Amino acid sequence: MNAVNSPETTTETTIAIDGMHCASCVRRVEKAIASVQGVTSASVNLATEKASVQFAEKPDLGAVIAAIEQAGYAPRLESRELDIDGMHCASCVRRVETALSGVPGVRTAAVNLATERATVTATDGVDETALIAAVEGAGFHLRQPAAQASAASPQPDRRAQETDRLTRLTLISLLLTLPVFILEMGSHLIPAMHGWVMTVLGMQTSWLLQCALTGLVLLGPGLMFFRHGVPNLIKLHPDMNSLVALGASAAYGYSLVATFAPGWMPAGTVNVYYEAAAVIVTLVLLGRTLESRAKGRTSDAIKRLVRLAPKTARVIRDGKRLDIDIAKVVVGDILDIRPGDKIPVDGVVTEGQSFVDESMLTGEPAPVEKTKTATLTGGTINGNGALTMRATKVGSDMLLSQIVRMVETAQGAKLPIQSMVDRVTGWFVPAVIAAALLTFAAWLLLGPEPALSYALVNAVAVLIVACPCAMGLATPTSIMVGTGRAAELGVLFRKGDALQNLRDVTLVALDKTGTLTEGRPELTDLVTAEGFSRSDILSYAASLEARSEHPIAKAILAAAEAEQVTLQPVDGFKAEPGMGVSGEVAGRKVVIGADRALVRHGMDLSTFAEEAAQLAQQAKTPLYLAIDGKPAALLAVADPIKPTTPAAIRALHDLGLKVAMISGDNKRTADAIAARLGIDTVIAEVLPGGKVDALANLRRTNNKIAFVGDGINDAPALSAADVGIAVGTGSDIAIESADVVLMSGDLAGVARAIAVSKAVIGNIGQNLFWAFAYNVLLIPLAAGLLYPVNGTLLSPIFAAGAMGLSSVFVLSNALRLRRLRPA
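Here the residue index of a chain counts from 1 through its sequence in written order. Where local features are concerned, this predicted model is filtered to residues with pLDDT of at least 70; where side-chain atom pairs are given and counted, the filter is 80 or more; whole-chain, interface and lining totals use all residues. Side-chain numbers here rest on the full set of heavy atoms in the structure, without hydrogens or water.

## Some words on the pairing of strand E17 (residues 387–393)
So, step 1. Should DSSP find at least two bridges between two strands, the strands are regarded as paired. For the purposes of this entry, the term helix denotes a DSSP run of H or I that reaches at least four residues, the term strand denotes a run of E that reaches at least two, and both are numbered from the N terminus. For strand E11 (residues 334–337) and E17, the ladder comprises 4 bridges, and the chain directions are antiparallel. Looking at the pairing, Ile 337 lines up with Leu 387 of E17.
So, step 2. Pairing of strand E12 (residues 346–352) with E17 involves 6 bridges; the strand directions are antiparallel. Counterpart to Gly 352 in the pairing with E17 is Leu 387.

Okay, structure coming up:
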C-alpha cells in the first residue's frame, strides 16, 4: 500500500457496499481497494457496510468500484438529478460536468443543456452540499434536485417563466438600443440625418447620449453577461457569456476613450462603437429568447402527457359519489366513470362495458373494448358506456407517471456521438479568445489606417460570431423532441443510447410466442393411440397441466373445460422448462412435452411421425403424451399469429433489415411459421435459457442485433442484445430489462422505433454539421480573411445576429421531428 500523504494532498470518500457477511469479507474488500493505484488507505466497517477510502491527490473512484465488484461485492450507488441555472453553451456543460466529477464519491456526471439538468451517479455517502458547492464553484446555480414529474401533480412551467423574463429584457434592451442605432448608423447612411445630428445635437452631444443609453443597456439587460462571464474569465474558464462580455465591453471601452479622452488615441482612430456594443447585447438576448421559446416547445410531449391526467375523480364511498382531488384517490377506491370521462387512475373494471380510447398510450387510434376485469390506464378516455372501476395504482405508480419518467430519462441521456462534441468544446472558447487576440494583433500590425479601429472591430466580430451554443444544443434538443414524438407513437425509449444503437441494427431477432403471435395457444388436434379415448387423454393431460402456468397448459385446460372432462388427482408433479411436465395421474405415470422430452425418456414416437409432420407443416406445435412409458397421444397446439405481424415483417424488410425468429417449437413448425411470414432466419427448439446463446450465434454474421420479446424468460436476451425491445403488453421484468418499450404490443412499433432512431440521428448530424460549419466559415470571415480579396468585413452587429440565428436554426431543425410520421 502507498504511504499516506499529507492531509493537503489526500481525499477521502465513503462507499456503501452490499454483500459483506463476515470478517473475511472485510479483509477481502480492504485488500481489493488497497490494490488500486493512488489509494493510501482503506478501512471497512462491517456493521455500517461502508468503506472509508483515502486517495493520494485525484481520486479514481471508478477503479475502486471495479475492484470491489471484481472481489464479488456490490458498491451501492445512487442516481441524482440536479436542475442547474446559468448554462448557455457547450463549454458550460463541460465545466459543470468537470466540477461535479471532481466531488469525492461521484462516479459519473452527465449534463444536458436542453433540459438544463445534470444526472449524477455517486456513492450514497455523497453529501448534497458538496454537489451544490461544486456547481456554484463553477459559476452556476443549483436550483434544487429535479422533482420527478407525476401525472397527478405537474410541475410549474419554469421554461415559460424564463422565456417571459428574457422577453422583457430583450424589449427593454431594444428600446434603449434603437436611439443609439438610429443616431450612429442613421448618420452614416442618411445624409439628412447626419446633417441634423451635426447641426442640432452636435457630435459630442450625440456621443454622450449614445454613451448613456448604451451604459443602461450593458448595466441593465446586459448585466447577466457580465455577472456570469467575468467571473468565469477570471477563473480561466471562459464561456459564451465571457465572449459577449469581452466583445461588448471592448467596443464600449474603446468608445469611452474616444468620447472622453480622444487625445490618448492615434490620429484618425477617434471613432465610437456604442451601437455595436448595444446591438450585440440586444441581438444576443433576442437569440436567447427565441432559443428559450424553442426549448420550451421541445418538451411539449412531456407537457401533453402530464396534461392527460384529470384533476379530479368521482369516487364511490359509503354509497355516495364524491368528486375529489386526484391526489386523494387511494388504492382500492371504487370510481364511477361516465361516458366521455378521462380515466383518472390505473385500475380494473368491476362493472359495465365500454370502448376506451388508448391512443395516448399506444399510438393506435382504434378504441379498445373494456368489460369486467379488463385493465384501465389513467389518462385514457372512456367512450359512450358507463364503467365502475377499482383503483390499483395511483400517483407516481400510475403507468402514465412511469411513461413521463421514462421519457424524461431518455431525454436527459447523452449519446455516444456527444463525446466528440464534448472534446471539441473543451478547448473551443479559449481558442476563440486566442483567435480574437491574434486577429487584433494582425490588423494592428498589418492593417490599413486607422489600424486600431479595424483591429478592434474585427476582434470583437470574432468574439461575438463564435457560437458554442449551437454545438451544445445540437444533440440534446433532437433527443428531446425525438423521444417525445416516439412516446406519442407508442414507442418509449427507456435508455437514450438506444436511439443511436437502434439506427445501426442490421438484424431484428423476434421471440415467437406473444411477439409474433397472440400468446394465447389453442388446442387444435388430438390423435390418440389404440386403446385410448379422447376424453381419457384430455383428462390425463388437463389434470397434469392444471399445475402448470405455461400458456400451452391453459390451452389444454380450456379444451378440457369445454368438453366437461373430469380432472383427477396428481402426485409428484414436475416441470422441466422447455421440455414438458410429468407426474402421477390416478396412479399412472404421465409425461407431456415436446418430442425431445419423450425421446430423452427413451420412447419411440414413430407411431405419430406422419401426423406430426403434417401438423408441423400447418404451423402447429405437436406435443406428445405418454402413459407408463408408452406414447398414448399426439396433441397439436396453435398460437394464432397477430393480424399486424405480416405487415410489421414487411416494414422491417423495407428498412433493409434481416429478420430472425427464435422459437422453442420443433424445426418443422418453426420453419412453417417463418415461411408464412417471410422470416429470413429461424433458430428453433431453443430452451428458455438458450436465447442468449442464440443471439450470440446470430451476432457472428451481423453487426448489431435488436431482440424483441415479451416474457419473463426473455429478460436475459433483452439485456444481452445490442438493443432490447419489449412488447409493452408483456411482463414487467421484460420491460425493465429492455432499452425500448412498445406500448401497443404491436410489432409494427419496431419499425416505428427504428424509423424514429434514424430520423433523430440524422437530425443530430444535420445540427452538428451546421454548428461546426457555421464556425468554420464565419470565424475566418469575421477575422477579415476576405478583406484582401474583395474588401469584405463582418460587422460585429451582423456577427451577433448570426450567432443568435445559429442556435435558433438548430432548435428549429430539431422541432421538425415533432411532425415525424413513420410508415
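## Thoughts on the nonpolar core
So, step 1. The set of buried Ala, Val, Leu, Ile, Met, Phe, Trp, Tyr and Cys residues whose side-chain atoms join them within 4.5 Å is what this entry labels a nonpolar core. Burial here depends on accessible area, computed with a 1.4 Å probe over protein chains only, as a share of the maximum for the residue type. Under 20% is buried, over 50% is exposed, and the range in between is partly exposed. Core analysis: the biggest nonpolar cluster contains 133 residues, and Leu 100, Phe 493, Leu 502, Val 508, Ile 725 and Val 750 have the highest contact counts within it.
So, step 2. Counting residues per element, this core draws most heavily on helix H28 (residues 748–783), at 16 residues.
So, step 3. Not counting residues within four places of it along the chain, the set of residues in contact with Leu 100 comprises Leu 82, Val 106, Ala 109, Ala 118, Val 120, Leu 131, Ala 134 and Val 135.
So, step 4. Ranked by size, the runner-up nonpolar core spans 25 residues in total, among them Ile 552, Ala 560, Val 565 and Leu 635. In what follows, residue pairs with any heavy atoms lying within 4.5 Å of each other are defined as contacts.

## Some words on the pairing of strand E26 (residues 658–662)
So, step 1. Of all the 5 residues making up E26, 4 are buried; the element is thus mostly covered by neighbouring parts of the structure.
So, step 2. As paired elements, E26 and strand E27 (residues 681–683) share 3 bridges and run parallel to each other. Residue pairing in the sheet places Ala 660 in a bridge with Thr 681 of E27.
So, step 3. The handedness rule is simple: strands pointing away from the viewer, and a clockwise path from the first strand over the helix to the second, make the crossover right-handed. For the crossover that starts at E26, traverses helix H24 (residues 667–677) and ends in the parallel E27, the hand is right-handed.

## Observations concerning unusual backbone geometry
So, step 1. Pro 450 follows Glu 449 through a cis peptide bond whose omega is -5°.
So, step 2. With respect to the helices and strands, the residue Pro 450 is situated in the loop between helix H14 (418–446) and helix H15 (451–465).
So, step 3. Phi at Thr 373 is positive, roughly 75°, even though this residue is not glycine.
So, step 4. Tracing the backbone shows Thr 373 in the loop between strand E14 (368–370) and strand E15 (375–376).

## What to know about the confidence of the model for the protein chain
So, step 1. When the pLDDT values of the protein chain are averaged, the result is 81; 88% of them are 70 or greater.
So, step 2. Scored below 50 in pLDDT, residues 1–8 shows 13 contacts in the model against residues more than four places distant or in partner chains.
So, step 3. Residue-level confidence of the predictor is what pLDDT reports, using numbers from 0 through 100. Below pLDDT 50 for its whole length, residues 145–154 participates in 26 contacts with residues either more than four positions away or in separate chains.

## Overview of the UniProt feature "transmembrane region" (unreviewed entry) in the protein chain
So, step 1. UniProt positions are given in the numbering used here, feature names are shortened, and annotations may be inferred rather than shown by experiment. Residues given the UniProt feature "transmembrane region" (unreviewed entry) here are residues 166–187, 207–230, 242–265, 271–290, 424–446, 452–475, 768–787 and 793–815.
So, step 2. What you have in residues 271–290 is 85% helix and 0% strand, and the ends, taken at the C-alpha atoms, are 33 Å apart.
So, step 3. End-to-end, the C-alpha atoms of residues 793–815 are 33 Å apart, and along that stretch the chain is 87% helix and 0% strand.

## What to know about the packing of H28 against helix H30 (residues 796–815)
So, step 1. Lines fitted to the C-alpha atoms define the axes, with helices restricted to the stretch that makes contact. Angles between their N-to-C directions range from 0 to 180 degrees. The geometry of H28 relative to H30 is characterised by a closest axis approach of 9 Å and an angle of 170° between their N-to-C directions. On the basis of the axis angle, H28 is roughly antiparallel to H30. Facing Asn 763, Gln 766, Asn 767, Trp 770, Tyr 774 and Leu 778 of H28, the residues of H30 in contact are Ala 799, Ala 802, Met 803, Ser 806, Phe 809, Val 810, Asn 813 and Ala 814.
So, step 2. A class-by-class count of the residues in the contact of H28 with H30 yields 9 nonpolar, 5 polar and no charged. For classification purposes, an angle smaller than 35 degrees is called roughly parallel, one larger than 145 roughly antiparallel, one from 65 to 115 roughly perpendicular, and anything else oblique. Residues are grouped as follows: nonpolar covers Ala, Val, Leu, Ile, Met, Phe, Trp, Tyr, Cys and Pro; charged covers Asp, Glu, Lys and Arg; every other residue, Gly included, is treated as polar.

## Section: the side chain of Ser 242
So, step 1. Along the polypeptide, Ser 242 turns up in helix H9 (residues 240–260).
So, step 2. For Ser 242, a relative accessible area of 1% gives the class buried.
So, step 3. For Ser 242, the contacting residues outside a window of four places in its chain are Gly 229, Asn 232 and Leu 233.

## Quick notes on the environment of Asp 346
So, step 1. Position of Asp 346 among the secondary structure elements: in strand E12.
So, step 2. Considering only alpha carbons, one finds Asp 346 and Thr 375, 29 residues apart in sequence, at a separation of 7.6 Å.
So, step 3. With residues up to four places along the chain from it excluded, the contact list for Asp 346 reads Leu 376, Thr 377, Gly 378, Met 389, Arg 390, Ala 391, Thr 392, Lys 393, Asp 397, Met 398 and Leu 399.
So, step 4. Here a polar contact is taken to be a pair of N or O atoms separated by no more than 3.5 Å, where protein atoms must pair a possible hydrogen donor with a possible acceptor and residues adjacent in sequence count only if both atoms sit in side chains. At 2.7 Å, the side chain of Asp 346 and the backbone nitrogen of Leu 399 are in polar contact.

## Concerning the pattern of salt bridges
So, step 1. The rule for a salt bridge is simple: a side-chain nitrogen of Lys or Arg has to be within 4 Å of a carboxyl oxygen of Asp or Glu. All chains considered together, the criterion is met by 18 salt bridges.
So, step 2. Residue Asp 336 pairs with Arg 321 through a salt bridge whose shortest N-O separation is 3.1 Å. Residue Asp 336 is located in strand E11, and its partner Arg 321 is located in strand E10 (residues 320–325); the two are separated by 15 residues in the primary sequence.
So, step 3. Owing to a relative accessible area of 10%, Asp 336 belongs among the buried residues under this scheme.
So, step 4. On the accessibility criterion, Arg 321 (47% relative accessible area) is partly exposed.

## Notes on the sheet that holds strand E25 (residues 630–638)
In a beta sheet, neighbouring strands are held together by backbone hydrogen bonds and run either parallel or antiparallel to one another.
So, step 1. Read from one edge to the other, the open sheet built from 6 strands follows the order E20-E25-E24-E23-E22-E21, with strand pairing classed as antiparallel. Edge positions in the sheet fall to strand E20 (522–528) and strand E21 (570–576), since each has one partner strand and no second. On average, each strand axis in the sheet is tilted by 20° relative to the strand beside it, whichever way the strands run.
So, step 2. Where strand E24 (residues 621–627) and E25 come together, 7 bridges link them in antiparallel fashion. Its bridge partner being in E25, Leu 625 is matched across the sheet by Ala 633.
So, step 3. The sheet strands contacting helix H20 (residues 551–562) are E20, E24 and E25, and the helix crosses E20 at an angle near 70°.
So, step 4. Of the strands in this sheet, E20, E24 and E25 are in contact with helix H22 (residues 609–617), which crosses E25 at around 10°.

## Observations concerning the sheet that holds E14
So, step 1. The strand order E14-E13-E16 describes an open sheet built from 3 strands, whose pairing is antiparallel. The open sheet terminates on both sides in strands that have one partner only, identified here as E14 and strand E16 (381–382).

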